[in-house]
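Each chain, written out:
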Amino acid sequence: VARPYLAAATALVGGAAASLGVVLLSDVLVTGLPPARLDRTYAAECGACHFAYPPSLAPTATWMGIMDHLDAHFGEDASLDPGAAGAIRAYLAANSAEHVDTLAANRLRVTDEPNSLRITATAAWQRMHQDIPARVFAARQVGSRGACNACHRDATSGRFAPQAIELPKGVS
Amino acid sequence: MTRALSLLVLLTLLGGTGLAAATTGRQAVLDHYAALAHEADPHFAAFTASAGKAFFLARPAAGGSETPSCTVCHTADPRNEGRTRAGKAISPMAVSRTPDRFADLEKVEKWFGRNCHTVYGRDCTPAEKGNFITFMASQ
């Protein structure tokens with residue numbers, strides 16, 4: 001006997017449960033992988049001026065060095081109220097390169113230049129980008145060396161897979 | 001048709017409400033700075049767009065070496081989209097282009113606090129802040 005209502009109800013309940021499962025599971029940490037989403041405060045505050053770098057792109061020492069001098073942040077005053085600064089510090093420390101097992105995190109975990117807090121100034125970053133001409137970073141569609149997401153389509157996720165690299169249209 | 005029309009009316013009303021809220025918020029911010037300006041100088045009369053314009057276009061070169069003026073990031077025409085030094089777009093400062101500008105005192109104070117140091121190498125006075133907003137509201 002066909003029971004269309006029962007079938008529809010089963011599909012609806014099953015579908016809802018599956019959707020809920022996907023949403024909940026996306027926030028569960030997978031060992032070695034960066035969390036699926038950036039912290040909201042971090043993304044809003046740090047992302048106001050530049051690409052919000054996934055915390056896994058630098059070791060804790062670098063992040064703490066940056067947070068210690070927000071009033072002189074690469075030439076600008078980027079001071080935060082103590083509440084937001086504290087929350088961001090904790091988030092960075094818990095999600096820095098030491099906690100993640102991606103290619104980018106593994107390469108950038110080394111603090112080879114203790115005086116520089118710029119990710120793009122590390123020997124590892126320079127080596128990985130040595131074949132990219134300066135004009136690419138200067139292009140309007142890119143904006144700066146720090147605009148990871150201009151070419152790395154998966155930059156926000158922190159994965160930086162080689163196959164996800166694509167220059168913006170009109171840049172070569 | 002009627003449905004589309006009522007949706008349009010609803011959206012216009014909602015948009016109007018948001019705009020009115022931003023205007024009220026901006027006036028509250030200006031009133032706040034006016035009270036402080038009066039406290040600092042009993043002869044203070046009113047903010048002027050021309051003083052705000054001069055302040056915006058000036059080149060104090062007193063803050064960071066790469067940020068001698070506001071226009072480095074915001075361009076000389078506040079109706080233009082700006083660009084941070086890191087390459088991120090900044091929506092125009094002109095209220096005609098970004099209607100919800102300067103409507104939230106906390107946000108306004110945060111950015112004056114940072115950018116006055118970055119460009120002017122000091123805190124801005126309440127009069128400077130009020131003139132700046134008055135100029136941007138006229139653009």
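Worth saying up front: this structure is predicted, and the values here are computed from it rather than measured. (Residues numbered from 1 in each chain as written. Chains lettered and ligands numbered in written order. Predicted model: local features only at pLDDT ≥ 70, side-chain atom pairs only at ≥ 80, totals over all residues. Heavy atoms only, no water.)

A. Layout of the state of the cysteines. All names here are of chain A. Counted by the stated rule, this structure contains one disulfide over all chains. Cys148 forms no disulfide, and the closest cysteine sulfur to it belongs to Cys151, at a distance of 9.4 Å. With relative accessibility at 14%, the residue Cys151 sits in the buried group. (Disulfide = S-S within 2.5 Å. Buried < 20%, exposed > 50% of the residue type's maximum accessible area, 1.4 Å probe, protein only.)

B. A look at the layout of surface pockets. In this model, the largest pocket occupies a volume close to 1,000 Å³. Along its surface, the largest pocket is lined by 37 residues, and Met93, Arg101, Lys107, Trp111 and Asn115 of chain B are the ones closest to its centre. When residues of the lining of the largest pocket are traced back to their parent elements, those giving at least two are α3 (71-74), β2 (89-90) and α4 (105-120) of chain B. Top element by residues in the lining of the largest pocket is α4 of chain B. It accounts for 11 residues. Residues that form the lining of the largest pocket fall into these classes: 19 nonpolar, nine polar and nine charged. In this structure, the second largest pocket occupies an estimated 800 Å³ of space. Every element with two or more residues in the lining of the second largest pocket is listed here: α2 (40-46) and α3 (60-68) of chain A together with α4 of chain B. Looking at the lining of the second largest pocket, its residues break down into 18 nonpolar, seven polar and eight charged. (1 Å grid on protein atoms, 1.4 Å probe; cavity = no way out; pocket = protein on both sides within 12 Å on 5 of 7 lines; lining within 4 Å. Points joined across faces, edges and corners; volume = space filled by probe spheres on them. Helix = DSSP H or I, 4+ residues; strand = E, 2+ residues; numbered from the N terminus. Nonpolar A, V, L, I, M, F, W, Y, C, P; charged D, E, K, R; others polar.)

C. Region of the structure containing the pattern of salt bridges. This model, assessed by the stated rule, comprises seven salt bridges over all chains. Where Lys110 of chain B meets Glu45 of chain A, a salt bridge forms, and the shortest distance between an N and an O atom there is 2.5 Å. Within this pair, whereas Lys110 of chain B is found in helix α4, its partner Glu45 of chain A is found in helix α2, the two belonging to separate chains. Note on Lys110 of chain B: relative accessible area 26%, which makes it partly exposed. Between Glu109 of chain B and Lys129 of chain B there is a salt bridge; the shortest N-O distance is 2.8 Å. You can see Glu109 of chain B sitting in helix α4 and its partner Lys129 of chain B sitting in helix α5 (residues 126-138), a full 20 residues away along the chain. Taking relative accessible area as the criterion, Glu109 of chain B reaches 33% and is therefore assigned partly exposed. Connected via shared salt-bridge partners are Glu76 of chain A together with Glu66 and Arg85 of chain B. (Salt bridge = Lys/Arg side-chain N within 4 Å of Asp/Glu carboxyl O.)

D. Summary view of the nonpolar core. Core analysis: the biggest nonpolar cluster contains 26 residues, and Tyr42, Tyr53, Leu57, Trp63, Leu92 and Ile119 of chain A have the highest contact counts within it. Taken together, the elements giving at least two residues each to this core come down to α2, α3, α4 (82-95), α5 (103-108) and α6 (123-128) of chain A. Trp63 of chain A has contacts with Tyr42, Tyr53, Pro54, Pro55, Ala58, Leu92, Ser96 and Ile119 of chain A, leaving out every residue within four places of it along the chain. Formed by 22 residues, the second largest nonpolar core is a distinct cluster that contains Phe56, Met93, Phe112 and Phe132 of chain B. (Core = buried A, V, L, I, M, F, W, Y, C linked by side-chain atoms within 4.5 Å. Contact = heavy atoms within 4.5 Å.)

E. How the structure looks around unusual backbone geometry. Residues other than glycine seldom take positive phi values, yet Phe160 of chain A does so here, at roughly 50 degrees. Here Phe160 of chain A shows up in the segment after α7 (134-138). Its relative accessible area of 11% is what places Phe160 of chain A among the buried residues. Even without being glycine, Phe102 of chain B reaches a positive phi, approximately 60 degrees. Within the element layout of this structure, Phe102 of chain B appears in the loop between β2 and α4.

F. Spotlight on the interface of chain B and chain A. Each partner contributes residues to the interface: chain B has 14 residues there, and chain A has 16 residues. Buried area between chain B and chain A, summed over both chains or domains, comes out near 1,300 Å², and the portion from carbon and sulfur atoms is 39%. In terms of surface lost to chain A, no three residues of chain B exceed Arg83, Arg85 and Arg114 of chain B, which account for 40% of the buried area on that side. Linking chain B with chain A are two salt bridges. Along the contact surface separating chain B from chain A lie 11 residue pairs in polar contact (both at pLDDT 80 or more). Considering every element that reaches the side of chain B that touches chain A, the biggest residue donor is α4 of chain B, with six residues. Grouping the constituent residues of the side of chain B that touches chain A by class yields two nonpolar, seven polar and five charged. (Buried area = accessible area lost by both parts, 1.4 Å probe. Polar contact = N/O pair within 3.5 Å; in protein donor to acceptor, adjacent residues only side chain to side chain.)

G. Representation of the environment of Phe51 of chain A. All names here are of chain A. With respect to the secondary-structure elements, Phe51 resides in the loop between α2 and α3. The sequence separation of Phe51 and Gly146 amounts to 95 residues, and the corresponding C-alpha distance is 7.0 Å. In this structure Phe51 touches Gly146, Ala147, Cys148, Asn149, Ala155 and Thr156, once residues within four positions along its chain are discounted.

H. Looking closely at the environment of Thr41 of chain A. Residue and element names in this part refer to chain A. Assignment of secondary structure puts Thr41 in helix α2. A residue is classified by how much of its surface remains accessible, and Thr41, at 31% relative accessible area, is partly exposed. Taking the C-alpha atoms as reference points, Thr41 and Ala84, separated by 43 residues in sequence, lie 7.0 Å from one another. The contacts of Thr41, once residues within four sequence positions are left out, are Cys46, Ala84 and Ile88.

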